Protein chains: 2
Amino acid sequence: MFSQSEENYLKAIYHLGNPSQKGVSTSDIANKLDTKASSVSDMIKKLSDKKLVEYKKYYGVNLTKKGKLIAASVVRKHRLWEVFLVDKLNFTWDEVHDVAEQLEHIKSKKLMEELDSFLGFPKTDPHGDPIPDKDGNLQTIEKTLLSNLKKGESGICIGVKDSSSDFLQYLDKQNIKLGDQIKVMDKEAFDESTHIQIANRNMNISKKIAANLYIQLQ
Amino acid sequence: MFSQSEENYLKAIYHLGNPSQKGVSTSDIANKLDTKASSVSDMIKKLSDKKLVEYKKYYGVNLTKKGKLIAASVVRKHRLWEVFLVDKLNFTWDEVHDVAEQLEHIKSKKLMEELDSFLGFPKTDPHGDPIPDKDGNLQTIEKTLLSNLKKGESGICIGVKDSSSDFLQYLDKQNIKLGDQIKVMDKEAFDESTHIQIANRNMNISKKIAANLYIQLQ
DNA sequence: ATTAATAATTAGACAAGACTAAAAAATTAT
DNA sequence: ATAATTTTTTAGTCTTGTCTAATTATTAAT
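The paragraphs below set out a description of the structure included in this document. The structure displayed is predicted, hence computed values, not measured ones.

**Structural notes on the overall build of chain A**
- Each helix and strand counted, chain A has 8 helices and 8 strands in total.
- On the principal axes, the C-alpha backbone points of chain A span a range of 55 × 40 × 25 Å.
- The buried share of chain A, reckoned over its 218 residues, is 33%.
- Taking all contacts inside chain A whose residues are at least 6 apart in sequence as the whole, residues at least 24 apart take part in 59%.

Below is the structure:
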């Protein structure tokens, strides 16, 4: 149906797209996919011919309904496979990305339906990112970055913004897990670090860490 | 490391290779992969440059040690994924092939080790074909075709030679399963059909069916 | 409002893997 | 042994997706 390369471009546009922005720029896509702007320019022309993106020269791209559905389906597959790897095959959350990048291109409707069921119809992946449903719809959960919480506010840690190995391994080392209860005890004006109480432990985390943890307020 | 196309050629040569023959012919490979002899000729040159096959013009190809290991690893992955699809995801044995053809190219050592363990280290796939171990070694089980059994002989049905959808669905319809106890009651000289007793039922099967069922003698 | 800097596009080339058509080698038949 | 047939290889083309280098458009700076 569509090539892996086409799917990767659609996915990149999907991830870069922002309702508050115009279109996604050629250079942003090139940067995301670690490729050259000229290659992106070519591919966008192709996707546009196939009515998967709307394209205006020197403006930017947006996914069409059809393009968005395909992108969402690739993201759905990626995240379901991540759940599989962690829940069933003992992968850690920092190990799943590369394999899921491959598995997301496997084409089989039955496979994904059965996998979804086998995993118990998960709603989020191991990093807390929502799994699109079959129609490409995302369940939007109210969430903010921990860095936005004020002293005294509390919530549950439900996701990470950065999912780099380094960050995820840091969280493991500090024993910070999704689902943990977090309360902001104090904020340090000097270095913008935050004193938190997490799962009944007290710790101090840097500005950068707080800016990459998603919290569901209570 | 190696492209999907290269892996598919190596696998084809692996399956076509026969210790009692010289090399695998260009046209046999073309036929197996549903491609043209000229394409095969090109690819063989490439695989030969990479020391994955031994190649003599107008003679045939044989896998080198390295080529054989790669081919066996692809076959291993194919068959382990088939087990996964049937045992865990409710696929029937006639539905697994196309998906496994895709999954066999996923590259991740950890994935296959964990999957193997998750499945309980299976030794055969859903069609009774042996799963190569990590070093590419096959466990060889003594087996013959049902058509070779003489009147009065008996054994266990352990595999199919043809794994086309048509044949597998026929077996399902007749409720013939791997593991069933089979005894040859009589053989019809006229149409070469066979009267068998299978799992305590009596039935008559055609020459063609008997020529595609593997039996482990007892 | 020009100029400078940045971003996007085009033109042309290349590699992988496939194809067709034609030539060459090997095999089979007479 | 030579002719006929089959198989294999070569030569040249095509598509996909990439690249570099050069050009064109847009945005930012003075």
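**Thoughts on helix α1 (residues 4-16) of chain B**
Residues and elements named next belong to chain B.
- An ideal rise of 1.5 Å per residue puts 18 Å on 13 residues; α1 measures up with 18 Å between its terminal C-alpha atoms.
- Looking only at α1, the buried set comprises Asn 8, Tyr 9, Leu 10, Lys 11, Ala 12 and Ile 13.
- Its buried side turned inward, α1 meets α2 (26-33), α3 (37-49), β1 (53-56), β2 (60-63) and α4 (65-87).

**Comments concerning the protein's contact with DNA strand D**
- Around DNA strand D, 18 residues are found, and the nearest of them are A:Ser3, A:Ser38, B:Ser25, B:Ser27 and B:Ser38.
- For the surface near DNA strand D, the secondary structure elements donating two or more residues are α1 (4-16) and α3 (37-49) of chain A together with α2 and α3 of chain B.
- The dominant element in the surface near DNA strand D, judged by the number of residues it contributes, is α3(A), at 4 residues.

**Side note on the nonpolar core**
- Core analysis: the largest hydrophobic core is formed by 62 residues, its most contacted members being A:Leu85, A:Leu213, A:Ile215, B:Leu85, B:Leu213 and B:Ile215.
- Excluding its chain neighbours within four sequence positions, the residues that come into contact with B:Ile215 are B:Lys143, B:Thr144, B:Leu146, B:Leu149, B:Gly155, B:Ile156, B:Cys157, B:Ile158 and B:Ile182.

**So, the sheet that holds strand β4 (residues 154-160) of chain B**
Residues and elements named next belong to chain B.
- One open sheet accounts for 6 strands, arranged β3-β8-β4-β5-β6-β7; its pairing is antiparallel. Both outer strands of the open sheet, β3 (144-145) and β7 (201-205), are each paired with one neighbouring strand and no more.
- Two elements, strand β6 (residues 194-198) and β7, share 5 bridges in a ladder whose sense is antiparallel. Within β7, the position partnered with Ile 196 by the bridge is Met 203.

**Here's the deal with the environment of A:Ser154**
- With respect to the helices, strands and loops of the structure, A:Ser154 is situated in strand β4 (residues 154-160).
- As a C-alpha pair, A:Ser154 and A:Asp94 span 60 residues in sequence and 26 Å in three-dimensional space.

**What to know about the protein's contact with DNA strand C**
- The local shell around DNA strand C holds 19 residues, among which A:Ser25, A:Ser27, A:Ser38, B:Ser3 and B:Ser38 are the closest.
- Residue assignment for the surface near DNA strand C shows that the elements contributing at least two residues are α2 (26-32) and α3 of chain A together with α1 and α3 of chain B.
- For the surface near DNA strand C, the leading source of residues is α3(B), giving 5 residues.
- Class assignment of the residues belonging to the surface near DNA strand C gives a composition of 4 nonpolar, 10 polar and 5 charged.

**Some words on the relation of the copies chain A and chain B**
- Overlaying chain A with chain B gives an RMSD of 0.0 Å, the required rotation being 180 degrees about an axis along which the chain moves by 0.0 Å. Each copy turns onto its partner about a two-fold axis. For chain A, the residue whose C-alpha comes nearest the rotation axis is A:Leu103, separated from it by 3.8 Å.
- A shared interface surface links the copies, since 100% of the contact residues of chain A are contact residues in chain B too.

**Comments concerning the interface of chain A and chain B**
- Taken together, the contact pairs 13 residues of chain A with 13 residues of chain B.
- Of all the elements in the fold, those that place two or more residues in the side of chain A that touches chain B are α4 (65-89), α5 (97-103) and α6 (109-118) of chain A.
- Here the element with the most residues in the side of chain A that touches chain B is α6(A); it accounts for 4 residues.
- For the side of chain A that touches chain B, the per-class residue count stands at 7 nonpolar, 3 polar and 3 charged.

The rules behind the values
Residues numbered from 1 in each chain as written. Chains lettered and ligands numbered in written order. Predicted model: local features only at pLDDT ≥ 70, side-chain atom pairs only at ≥ 80, totals over all residues. Helix = DSSP H or I, 4+ residues; strand = E, 2+ residues; numbered from the N terminus. Buried ≥ 20, exposed ≤ 12 C-beta atoms within 10 Å, placed from the backbone. Contact = placed C-beta atoms within 7 Å. Expected span 1.5 Å × (residues − 1). Near = placed C-beta within 6 Å. Core = buried A, V, L, I, M, F, W, Y, C linked by C-beta atoms within 7 Å. Pairing = 2+ DSSP bridges. Nonpolar A, V, L, I, M, F, W, Y, C, P; charged D, E, K, R; others polar. Least-squares fit on C-alpha atoms with pLDDT ≥ 70 in both.

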